[in-house]
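Listed below, chain by chain, are the residues.
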Amino acid sequence: MQLIGPGGDGEDPCLHGAQGEAQVVADAGAEPLDLEVAIAVGEDGQQVEIGTPGLGGLHAHAGERHPLRIGHLTGNGLALDQGREAQVVRGVRRRHRPYDTPTVPSGPPPGILEISMPAPLVTRVAPSPTGDPHVGTAYMALFNYCLAKTTGGRFILRVEDTDRTRYQEDSERQITESLTWLGLPYDEGPDVGGPNGPYRQSERTDIYRAHVQELVDGEKAYRCFCTAERLQEMRHAQRARKMPPGYDGLCRGLLPEEIEKRLADGVPYVVRLRVPKDRKVGFEDALRGKVEIDGKEIDDQVLLKSDGYPTYHLANVVDDHMMEVNEVVRAEEWITSTPKHVLLYEAFGWTMPTFRHMPLLRNKDKSKISKRKNPTSLLWYKDHGYLPEALVNFLALMGYSGPDDNEIFSLEQMLADFDTSRMSTSGPVFDMDKLGWLNGEYIRMDSEEALADRLIAHWAYRASIGAEPNPEGDGPLYDWIFANGGFASETVKAFILKTMPLMQTRIKTLEEYAPLGRCFFLDDVAGFSAEDITPKKRDLDGVKAVLKATHDALAELTIFDTASIETCLRGLVEPLEWKAREVFQVARVAVTGSKISPPLFESMELIGRDETLARLDAALALEA
RNA sequence: GCCCCUAUCGUCCAGCCUGGUCCAGGACAUCGGCCUUUCAAGCCGAAAACACGGGUUCAAAUCCCGUUGGGGGUACCA
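Throughout this description, residue numbers start from 1 for each chain and increase along the sequence as written. Numbering of ligands from 1 and lettering of chains from A proceed in the order in which they are written. The model is predicted, so local features are restricted to residues of pLDDT at least 70 and side-chain atom pairs to those at 80 or more, both for listing and for counting; the totals for chains, interfaces and linings are taken over all residues. Think of the side-chain values as coming from all heavy atoms in the structure, minus any hydrogens and water.

Visitor: Sorry, what's going on with the side chain of Ser-171 here?
Guide: In DSSP terms, a helix is any run of H or I states spanning at least four residues, a strand is any run of E spanning at least two, and both are numbered starting from the N terminus. Tracing the chain through its elements places Ser-171 in helix α2 (residues 171–182). Ignoring sequence-local partners within four residues, the contact set of Ser-171 consists of Pro-129, Thr-130 and Gly-131. Any pair of residues with heavy atoms lying within 4.5 Å of one another is described as a contacting pair.

Listed below in structure tokens is the structure:
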């Protein structure tokens, strides 16, 4: 087996999830390779496990090509240098759990595979800490993460805090916490460090200044002393004459002595990119193909602001290069500024990364997603009881599709068969309805135990951040929790668990539990009207008769469980000469306080005999 | 205005590269039915799209050109 691809000096050899292609070049005998997992051994004797996407088996005949991926490393890891020879020594029948280390049985080697791996991609997400952590950041992080992880590369978080006027203190922490919440860990970042830090641009100003100097010395950039007022007037005039806006190049040809004079006088200046106006600048977008813009359309972009901070364009290019980012995956809004970046790479003489511009998430009206028209804060989704797995799954669905019709998949599954050719380019409308449905699907997929834990953790979280109470039900729920020992209480957990069969299919978000389940936690469900409790074509006197009969019948029960309650109430229907649904509806409103509730008999059992009877009794006092 | 990106059901995706299997497939939402003590969930079903106009071809959702629509950019914001 030949392993072609990543590796090299001092590199982390971990290729978990890396994808490639295998070709059987020689069988041990006439039999095809038939393995669920192959253990490959490198020349240095280290082992690597190889499997097929989705962990299915590898059944290969000589000459066939198959997609595959590296499962995980055994031993100390296998450095996968270009052209390194390795051999499949065993096919291992996998009978144990997916990530157990398989044992290597004795016997002849089953065959030889030739394996090619794509180059490992180093990607990054580079949010700006200017407010709440944005759903678009999560969207970009997801795809950057997938690209890095399926090629054995690295995923970096870089904080682009060069705009000091919009900087917000808490923002960076919220971003890192949100990425953690979503399960999108980064290999390098401001809080975890890494070999090419710092990962916060405000701490890299010396680096940028040095690079700007290099550009100025090489005449690829120039100092511009124009005032904000002059630029304003210039743009005004351009607009009046219907000219395309852009810097007019006044400072482009400043003589050295003029520059020296102003510098000596301390006149503030910016540094601008000297854009060649006589040619086109283009690049190959991995998703969209060739993009080309005429130099005349490209403004002499400011690279260094007068406050000494770099602009996005400069910092971005310098950092991507120094952090070894080789695939830039970012939003579509950057397409038109990419030629400026191309010019910078050229000016520095650096290797260009691959650019891949993802579509922009949209509001219902198709405009770029904004907080005026959509919840865009990741914190909002967390606060309102959306599950991170569901959000990630939903974001994956925006502009990406799996290999089949299935739309519900975990990050791990997505990684297992990730394929860039299934990424699309048109801007998806962010559809809260579909997110809600997906979230409900994930809630239903949880075990009752897991969901109970999530619910309690969610309430504890909301309490910890002092979230606005949900007027429909949080109050009673929280009172009840504190009365029963708090969030860590076994009593609380045990009761919530009991409600799971009634609640799990009825909530789409964790937040919906409290209002729907309020009848379990309320001391007094009063608040409904005579009209609410009275079925059509019946009157309040009739209702009270039913209430009384229900109360008395239930009081007779020796065992107060769902089955007994149901038998008891159904027995009432005939003599009362009411329909079953009418009788049940009266009991439902009286006991739960609402026309809509969890299943009646089960709820009564959970509420208990005394409280049920008391509520039935209380409803008797109702007046028209 | 100019430049760039983009175009399949209301929405998200599949099909397009490698024309015929597509009177276009799946999902959400909608509507109807079944189940049912309410509400959900579940199951079954319906309605719903190739933006338009020219080509190319025996044949176009698929290839080419144009138009129109949508979006983004046009800052000492990112």
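Visitor: Would you mind going over the confidence of the model for chain A with me for this structure?
Guide: Close inspection of predicted coordinates is inappropriate for parts of the model with low pLDDT. Per-residue confidence for chain A gives a mean pLDDT of 85, with 81% of residues at or over 70. What pLDDT conveys is the predictor's confidence in a given residue, as a value from 0 to 100. Counted against residues more than four places away or in other chains, residues 1–17, with its pLDDT under 50, gives 63 contacts. Confidence drops under pLDDT 50 across residues 52–57; counting only partners more than four residues distant or on other chains, this segment forms 17 contacts. The complex prediction reports pTM at 0.87, with the ipTM value standing at 0.97.

Visitor: Help me out: how do you make sense of the packing of aromatic side chains in this one?
Guide: Pairs of aromatic rings are described using the distance from one ring centre to the other and the angle between the two planes. Only the six-membered ring of Trp is used, alongside the rings of Phe and Tyr, when aromatic pairs are assigned; centres must lie within 6.5 Å, and planes under 30 degrees apart are stacked while those over 60 apart are edge-to-face, with the rest tilted. Enumeration over the complete set of coordinates arrives at 26 aromatic pairs. Ring plane angle 85° and centroid distance 5.8 Å describe the contact between Tyr-145 and Phe-155, whose orientation is recorded as edge-to-face. You can see Tyr-145 sitting in helix α1 (residues 135–149) and its partner Phe-155 sitting in strand β11 (residues 154–157), a full ten residues away along the chain. When sorted by exposure, Tyr-145 lands in the same class as Phe-155, which is buried. Through a chain of ring-to-ring contacts, the aromatic side chains of Trp-459, Trp-480, Phe-495, Tyr-513, Phe-520 and Phe-521 assemble into a single cluster. In this scheme, a residue with accessible area under 20% of its type's maximum is buried, one over 50% is exposed, and one in between is partly exposed, where area comes from a 1.4 Å probe on protein chains only.

Visitor: What is the right way to read the pattern of salt bridges from this model?
Guide: Side chains that differ in sign of charge can pair as their charged atoms come close. Whenever a carboxyl oxygen of Asp or Glu lies within 4 Å of a side-chain nitrogen of Lys or Arg, that contact is scored as a salt bridge. Within this structure, the stated rule accounts for 37 salt bridges. Asp-319 is the partner of Arg-204 in a salt bridge, and the nearest nitrogen-oxygen pair spans 2.7 Å. Taken together, the residues Arg-204 in the loop between α2 and α3 (205–217) and Asp-319 in helix α6 (residues 312–322) connect sequence positions 115 residues apart. Put simply, Arg-124, Arg-158, Glu-160, Arg-204, Asp-319 and Asp-320 are held in one network by salt bridges that share partners.

Visitor: Would you explain the protein's contact with RNA strand B in this entry?
Guide: What makes a residue near a molecule or strand is one non-hydrogen atom of that residue sitting within 4 Å of it. Neighbouring RNA strand B are 65 residues; Arg-288, Lys-305, Glu-407, Thr-505 and Arg-588 lie closest to it. Counting only atoms of RNA strand B within 4 Å of the protein, the fraction found in sugar and phosphate groups is 71%. In this structure, a sugar or linking oxygen belonging to RNA strand B sits 3.4 Å away from a side-chain N or O atom of Arg-362. Listed by contribution, the elements that provide at least two residues to the surface near RNA strand B are β13 (270–273), β15 (289–294), α11 (432–445), α19 (580–592) and α20 (600–607). No other element matches α11, which puts five residues into the surface near RNA strand B. Residues of the surface near RNA strand B, tallied by class, amount to 22 nonpolar, 14 polar and 29 charged. Throughout this description, a polar contact denotes any pair of N or O atoms lying within 3.5 Å of each other; where both atoms belong to protein, one of them has to be capable of donating a hydrogen while the other can accept it, and for residues adjacent in sequence the pair is counted only when both atoms sit in side chains. Amino acids outside the nonpolar list (Ala, Val, Leu, Ile, Met, Phe, Trp, Tyr, Cys, Pro) and the charged list (Asp, Glu, Lys, Arg) are all regarded as polar, and Gly is one of them.

Visitor: I tried to follow the pairing of strand β17 (residues 327–331) on my own but got confused; where do I start?
Guide: With five of five residues buried, β17 lies mostly within the body of the structure. Bridge analysis of β17 against strand β18 (residues 354–358) gives five bridges, and the strand direction is parallel. Note that in β18 the partner of Val-329 across the bridge is Arg-356. Handedness of the β17-helix α7 (residues 338–348)-β18 crossover: right-handed. Each pair of strands is called paired provided DSSP finds at least two bridges between the two strands. We call a crossover right-handed when, viewed with the strands running away from us, the connection from the first strand over the helix to the second turns clockwise.

Visitor: Quick question: what am I supposed to make of the packing of helix α18 (residues 562–576) against α19 here?
Guide: For any two helices packed against each other, one specifies the inter-axial angle together with the distance between the axes. The geometry of α18 relative to α19 is characterised by a closest axis approach of 9 Å and an angle of 120° between their N-to-C directions. Between α18 and α19, the angle falls in the class oblique. Considering how the two elements wind past one another, α18 and α19 form a crossing that is right-handed. For the pair α18 and α19, the contacting residues are Leu-569, Arg-570, Val-573 and Leu-576 in the first and Ala-580, Val-583 and Phe-584 in the second. Class assignment of the residues belonging to the contact of α18 with α19 gives a composition of six nonpolar, no polar and one charged. As a rule, the C-alpha atoms of each element are fitted with a line to give its axis, helices using only the stretch in contact, and angles between N-to-C directions run from 0 to 180 degrees. Here is the rule for angles: anything less than 35 degrees is roughly parallel, anything more than 145 is roughly antiparallel, 65 through 115 is roughly perpendicular, and the remaining ranges are oblique. Handedness of a crossing follows from how the near helix is turned relative to the far one, being left-handed for an anticlockwise turn of less than a right angle and right-handed for a clockwise one.

Visitor: In this structure, what is going on with helix α4 (residues 228–240)? I would like to understand it.
Guide: Given 3.6 residues per helical turn, the α-helix brings residues three or four places apart onto the same face. To estimate the expected span of a helix, subtract one from its residue number and multiply by 1.5 Å. Its 13 residues place the ends of α4 18 Å apart at the C-alpha level, agreeing with the 18 Å of an ideal helix rising 1.5 Å per residue. Taken as a whole, α4 has its buried residues at Leu-231, Met-234 and Gln-238. Each buried residue of α4 sits inside an arc of 60° when the element is viewed along its axis, so together they form one side. Exposed residues pointing more than 90 degrees away from the buried face of α4 are listed as Glu-229, Gln-232, Glu-233, His-236, Arg-239 and Ala-240. Tucked into the core, α4 has its buried residues touching β13. Lys-242 sits one or two residues past α4 and shows a positive phi near 55°. Note that the arc is defined by the directions from the helix axis to the C-beta atoms.

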